[in-house]
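# Residue-level structural notes
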2 protein chains.
Amino acid sequence: MFPPILRKISLFLQRLPGIGEKTANRLSFFLLRLPENDLKTFGQNLIDLKQKIKLCQKCFNLSEEDLCPICADKNRNQKTIIVVETVLDLLAFEQGKIYQGVYHVLHGKIDPLNRITADDLKIKELIDRLKNEEVEEVIIATSPDMEGEATAVYIKEKIEKEVFPQKKIKISRLVYGLPIGANLEYADYLTLKKALEGRREL
Amino acid sequence: MFPPILRKISLFLQRLPGIGEKTANRLSFFLLRLPENDLKTFGQNLIDLKQKIKLCQKCFNLSEEDLCPICADKNRNQKTIIVVETVLDLLAFEQGKIYQGVYHVLHGKIDPLNRITADDLKIKELIDRLKNEEVEEVIIATSPDMEGEATAVYIKEKIEKEVFPQKKIKISRLVYGLPIGANLEYADYLTLKKALEGRREL
C-alpha cells in the first residue's frame with residue numbers, strides 16, 4: 001500500500017547491509033520529509049557517482065582525479081608507503097591524522113577459498129612503484145587474520161625477489177595492539193597509532 | 001580523504017536516523033559497488049519523490065493519485081474506517097492483511113506539550129467524511145499512550161456532538177494485546193489482529 005515510488009525507494013534501501021524492511025520503510029518516510037532540494041542534490045550525486053569516481057593511478061585509492069589528494073600532496077612523505085587491503089582501511093589511518101606518508105591499496109587480500117589470487121590484487125603495481133619510485137619503507141598493514149598474514153608474507157617475498165637485487169627497502173608490518181581476527185577499519189586510531197609505532201621488520 | 005562526491009553522499013546518509021559516520025561510510029562504499037543503472041534509477045526516484053507523492057483526498061494516506069489504492073479499491077468495505085495517527089500505522093495493518101475496510105490518517109495526535117492541537121490533525125476532515133459518506137463503524141486506533149487516548153476521546157466526543165444528531169455510527173477503540181506505551185507501527189500483525197478483534201465500544 002506504499003505509493004509505488006516510495007516502495008521502490010524502500011526496496012532499494014533494503015539491499016543495503018544492515019537495513020531490513022521496517023528500517024527501510026522508516027527511512028523512506030524520513031526521506032519524504034526532507035527538503036526537496038536536499039533530495040535532488042543527493043539523487044544527482046548518486047546518479048553521477050560511478051562516473052566521477054575512479055582509482056588513483058598511483059596508489060589505487062578512490063579519486064575524482066588521476067591522482068588522489070594524498071598522492072598529489074607535496075607535503076606528504078612519498079617515501080613511506082602503507083599497504084592496505086581496502087580504501088576503508090586507508091580512511092581509518094587518515095581519520096586519526098597519525099601518519100604523513102602515502103598508501104597503496106591492494107583492493108583485497110589473497111584468499112584461495114574465495115578464489116582471490118595475488119593477480120587479482122594491485123601487487124604487481126606495488127612492485128612497479130617500488131622499482132620506479134624513491135621509497136624507503138613499506139609498511140604492510142593487511143588485516144591480522146590468516147589471509148592478511150599470507151598476503152603480507154607473499155608481498156614481502158615478492159619485494160625481496162624482485163626489488164632487492166636493485167635496491168634495499170625497509171619492510172615492516174603493523175603489530176602492536178591489533179586484536180587478532182579484528183577488522184582494521186573498526187580499530188580506533190589510538191590502537192592504530194600504537195600498531196604503527198610498534199611495527200616490526202619482516 | 002574521501003573523494004568529494006562520496007563524502008557528500010556519506011554526509012547525507014549521516015542525517016538519516018540511526019546512521020552514524022562509520023555506517024554512512026560503509027554504506028557509501030557499498031553504493032559505489034552497485035550497478036550503475038540501479039544507482040541511477042534510485043537517484044531519479046529520490047529526485048522525483050516529493051513531486052510525485054501527495055495525500056489521498058479522502059483518507060490522507062500517501063498516494064501518487066488523487067485517491068490512494070485503498071480508497072479506490074471497490075472490493076474493500078468503505079463503511080468501516082480505522083483512524084490511525086500515521087501512514088506507518090496504516091501499513092502495520094496492511095502488512096498483516098487482517099483488515100478489509102478503509103482508513104483515515106490523522107497525521108499526528110493531540111499533543112499540547114508539542115503544541116499540536118486538534119486543528120493540526122485531519123479530524124475536521126474525518127467528521128466531514130462521516131457526515132457525507134455511508135459509514136457504519138469508526139475504529140479509533142490511535143496509540144495506547146496519553147496523547148493517543150486523549151485524541152481518541154476527543155474524536156469520540158466530536159462525532160457524538162456533530163454526527164450523531166444526524167445519524168448513529170458505531171465507535172470502537174483497539175484494546176486487546178497492545179502493550180501500554182508501545183509504538184503501534186512496531187506491533188506484529190497478530191497482536192494487531194487480537195487488538196482489532198477485541199475492540200470495545202467507546
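Nothing here was measured: the structure is a model prediction, and the numbers come from that model.

## Examining the overall build of chain A
Broken down by element type, chain A carries seven helices and seven strands. In sequence order, the secondary structure elements of chain A are arranged as α-α-α-β-β-β-α-β-α-β-α-β-α-β. In terms of its C-alpha atoms, chain A occupies a principal-axis envelope of roughly 70 × 35 × 35 Å. Among the 202 residues that make up chain A, the fraction classed as buried is 37%.

## Section: the interface of chain A and chain B
On the chain B side, the residues contacting the 39 residues of chain A number 39 residues. Going through the elements one at a time, α1 (4-13), α2 (21-33), α3 (36-52), β2 (62-63) and α4 (87-96) of chain A are the ones with two or more residues in the side of chain A that touches chain B. With 13 residues, α3(A) is the largest single contributor of residues to the side of chain A that touches chain B. Looking at the side of chain A that touches chain B residue by residue, the classes come out as 26 nonpolar, five polar and eight charged.

## So, the domain arrangement of chain A
Domain assignment breaks chain A into domain 1 (4-52) and domain 2 (68-201). Spacing between the C-alpha centres of domain 1 of chain A and domain 2 of chain A amounts to 35 Å.

## Some words on the pairing of strand β6 (residues 170-173) of chain A
Residues and elements named next belong to chain A. Only one face of β6 is covered, namely the one carrying I171 and R173; the face carrying K170 and S172 has none of its residues buried. Pairing geometry for strand β5 (residues 137-140) and β6, over four bridges, is parallel. Within β6, the residue paired with V138 across the bridge is I171. Since β5 and β6 lie parallel, the crossover through helix α6 (residues 146-162) that links them has a hand, and here it is right-handed.

## Structural notes on the relation of the copies chain A and chain B
If you rotate chain A by 179° and push it 0.0 Å along the axis, it lands on chain B with an RMSD of 0.1 Å. Classification of the inter-copy transformation places it as that of a two-fold axis. Scanning chain A for the C-alpha nearest the rotation axis identifies A:G43, at a separation of 1.9 Å.

## With respect to the pairing of strand β4 (residues 101-105) of chain B
Residue and element names in this part refer to chain B. Most of β4 is tucked away, with four of its five residues classed as buried. With five bridges connecting them, strand β3 (residues 77-84) and β4 associate as parallel partners. When the bridges of β4 are listed, V84 appears paired with V105. Assessed by its sense of winding, the connection that carries the chain from β3 through helix α5 (residues 87-96) to β4 is right-handed.

## Points about helix α3 (residues 36-52) of chain B
Since the α-helix packs 3.6 residues into each turn, any two residues three or four apart lie on the same face. With 17 residues, α3(B) should reach 24 Å at 1.5 Å per residue; the first-to-last C-alpha distance of 23 Å fits that figure. The largest bend in α3(B) comes to about 30°, at B:L46. Within the sequence span of α3(B), burial applies to B:L39, B:F42, B:G43, B:N45, B:L46 and B:L49. Contacts from the buried residues of α3(B) go to α1, α2 and α3 of chain A together with α2 (21-33) of chain B.

## Side note on the nonpolar core
Grouped together as the largest cluster of nonpolar side chains are 105 residues, with contacts concentrated most on A:I82, A:V83, A:V138, B:I82, B:V83 and B:V138. In this view, A:I82 contacts A:F93, A:Y99, A:G101, A:Y103, A:I139 and A:A141; residues no more than four positions away in its chain are not counted.

## Let's talk about the packing of helix α5 (residues 123-132) of chain A against α6(A)
Residues and elements named next belong to chain A. For the pair α5 and α6, interaxial distance at closest approach is 11 Å and the crossing angle is 40°. When the axis of α5 is compared with that of α6, the two are oblique. By crossing handedness, the relation of α5 to α6 is classed as right-handed. Together, I123, L126, I127 and L130 of α5 and I155, K158, I159 and E162 of α6 make up the contact between the two elements. Across the contact of α5 with α6, the residue classes tally to six nonpolar, no polar and two charged.

## Regarding α6(A)
Residues and elements named next belong to chain A. Along its 17 residues, α6 runs 24 Å from first to last C-alpha, staying within 8% of the 24 Å computed at 1.5 Å per residue. Within α6, burial applies to G148, T151, A152, I155 and I159. Along α6, the residues classed as buried sweep out an arc of 100° about the axis, all on the same side. Residues of α6 that are exposed and angled more than 90 degrees away from the buried face: E157 and K161. For α6, the elements touching its buried residues are β3 (77-84), α5, β5 and β6.

## Looking at the packing of α1(A) against α3(B)
Put simply, α1(A) and α3(B) touch, their axes get as near as 9 Å, and they point 145° apart. Where α1(A) crosses over α3(B), the handedness of that crossing is left-handed. Only B:F42, B:N45, B:L46, B:D48, B:L49 and B:K52 of α3(B) make contact with α1(A), whose side of the interface consists of A:I5, A:K8, A:I9 and A:F12. Per-class residue counts for the contact of α1(A) with α3(B) are six nonpolar, one polar and three charged.

## Describing unusual backbone geometry
Even without a glycine there, the phi angle at A:R115 is positive, about 55°. Tracing the backbone through its elements, the reader meets A:R115 in the loop between β4 (101-105) and α5. For B:H107, which is not glycine, the phi torsion reads 60° and is therefore positive. Since 14 C-beta atoms lie within 10 Å of it, B:H107 is described here as partly exposed.

About the criteria used
Each chain carries its own residue numbering, running from 1 in the written order of its sequence. Here the convention is simple: chains get letters from A, ligands get numbers from 1, in the order in which they are written. Totals for whole chains, interfaces and linings use every residue, but because this is a predicted model, local features are given only for residues with pLDDT of at least 70 and side-chain atom pairs only at 80 or more, for both listing and counting. Note on conventions: DSSP H or I runs of at least 4 residues are helices, E runs of at least 2 residues are strands, and numbering of each starts at the N terminus. With C-beta atoms placed from the backbone, a residue counts as buried when 20 or more other C-beta atoms lie within 10 Å of its own, as exposed when 12 or fewer do, and as partly exposed for counts between those limits. Two residues qualify as being in contact provided that their C-beta atoms, derived from the backbone, are within 7 Å of each other. Residues are sorted three ways: Asp, Glu, Lys and Arg are charged, Ala, Val, Leu, Ile, Met, Phe, Trp, Tyr, Cys and Pro are nonpolar, and all the rest, Gly among them, are polar. Residue ranges labeled as domains rest on an automatic or database domain assignment. The pairing criterion is simple: DSSP has to find at least two bridges between the two strands. Clockwise travel from the first strand over the helix to the second, with the strands pointing away from the viewer, marks a crossover as right-handed. Fitting of the copies onto one another was done by least squares over C-alpha atoms, counting residues only where both copies have pLDDT of at least 70. Any helix carries an expected span of 1.5 Å times its number of residues minus one. Fitting axes to the seven residues ending at a residue and to the seven starting there, one defines the bend at that residue as the angle between these axes. Structurally, a nonpolar core is described as a collection of buried Ala, Val, Leu, Ile, Met, Phe, Trp, Tyr and Cys residues joined by way of C-beta atoms within 7 Å. With axes taken as lines fitted to C-alpha atoms, and helix axes fitted only over the stretch in contact, angles between N-to-C directions fall between 0 and 180 degrees. Here the angle decides the label: under 35 degrees means roughly parallel, over 145 means roughly antiparallel, 65 to 115 means roughly perpendicular, and every other value means oblique. Left-handed describes a crossing whose near helix is turned anticlockwise from the far helix through less than a right angle; right-handed describes the clockwise counterpart. This arc is built from the directions going out from the helix axis to the C-beta atoms.

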